[in-house]
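Examination of the molecular architecture
What follows is the residue order along each chain.
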Amino acid sequence: MLGPSVSSYRLSLQGVGQAKYYILVSALPQERRPPVRNKAVLGLVSTIASLILLDPHFRVNENSLVRHLEELGVEIEGRNLHHPQLGNVSQLLEVELIKQGYFEKEKDGDQSFYSFGPRLRGEIGTEALVEMIDQIFDGELDDVTKQELKLRADGVQEPVEA
């Protein structure tokens, strides 16, 4: 049996092309996890995840994402996005966050879209994202809207009856 200070992990098997890999995800409740070391990256991940969750198709267009990030102080330098604390945001998103399974990127014609990755679902979770969005809206989200967001994030697309 694990002691209270020992982290337990849940394994998720994911396929990327032909390669298979494991993602370690903490099974501890949020209040028992160690503090986040890089809050700027957590803020970026939470912002992108919220944009995805609020989109009716549960994905965000790359151009739309860039516009939203610009509004939050991320600057475009050539073909890259830059932020004083995060550095090269384009590289962070493409190389680290997608590779680590926080987000998935798909092409649809000449457009690219971002959606939830398996690690994001396991580490942050739908409940925490919906609560964060509710806080952004100053607690104004009604229960039906919260439930619809949770169902959408969990892969259920049908709206909830009021």
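What this report covers is the structure whose coordinates are included nearby.

Conventions adopted
- Residues numbered from 1 in each chain as written.
- Predicted model: local features only at pLDDT ≥ 70, side-chain atom pairs only at ≥ 80, totals over all residues.
- Heavy atoms only, no water.
- Helix = DSSP H or I, 4+ residues; strand = E, 2+ residues; numbered from the N terminus.
- Contact = heavy atoms within 4.5 Å.
- Areas by Shrake-Rupley, 256 points an atom, 1.4 Å probe, with all protein chains shown as cover.
- Buried < 20%, exposed > 50% of the residue type's maximum accessible area, 1.4 Å probe, protein only.
- Pairing = 2+ DSSP bridges.
- Salt bridge = Lys/Arg side-chain N within 4 Å of Asp/Glu carboxyl O.
- Phe/Tyr/Trp six-rings, centres within 6.5 Å; stacked < 30°, edge-to-face > 60°.
- Lys NZ or Arg CZ within 6 Å of the ring centre and 35° of its normal.

Once that is clear, we can look at the overall build of the chain. On a plain count of helices and strands, the chain comes out with 6 helices and 8 strands. In the chain, the proportion of contacts linking residues at least 24 apart, taken out of those at least 6 apart, comes to 44%. For the chain, the computed accessible surface area is about 10600 Å², with 50% contributed by carbon and sulfur atoms.

Burial of the side chains of strand 5 (residues 80-83) is restricted to one face: L81 and H83 are buried, whereas none of N80 and H82 on the reverse face is. In textbook terms, the turn of a hairpin is the stretch between consecutive antiparallel strands, and for strand 4 (residues 75-77) and strand 5 this stretch comprises 2 residues, one of which, G78, has a positive phi near 70°. Pairing of strand 5 with strand 6 (residues 87-88), which is carried by 2 bridges, proceeds in the antiparallel orientation. Across the sheet, residue H82 finds its bridge partner in strand 6, namely N88. Counting the residues that bridge the hairpin from strand 5 to strand 6 gives 3 residues.

Another point: the side chain of T126. Among the secondary structure elements, T126 is positioned in helix 5 (residues 126-136). The exposure class of T126 is buried, given its relative accessible area of 14%. Filtering out sequence-adjacent residues up to four positions away, T126 remains in contact with L149, K150, A153 and D154.

One pass over the structure, following the stated rule, counts 6 salt bridges. Among the ionic contacts, a cluster of salt bridges with common partners joins R59, E106 and D108.

Time to look at the sheet that holds strand 6. Judged by pairing direction, the sheet is antiparallel, and its 3 strands sit side by side in the order 4-5-6 without closing on themselves. In this open sheet, the two strands that pair with only one neighbour each are strand 4 and strand 6. Across 3 bridges, strand 4 lies against strand 5 in antiparallel orientation. Within the sheet, the bridge partner assigned to I76 lies in strand 5 and is L81.

Counting across every chain of the model gives 1 aromatic pair. Sitting over the ring of F113, R59 keeps its end group 3.6 Å from the ring centre.

Read these as geometric descriptors, not functional statements.
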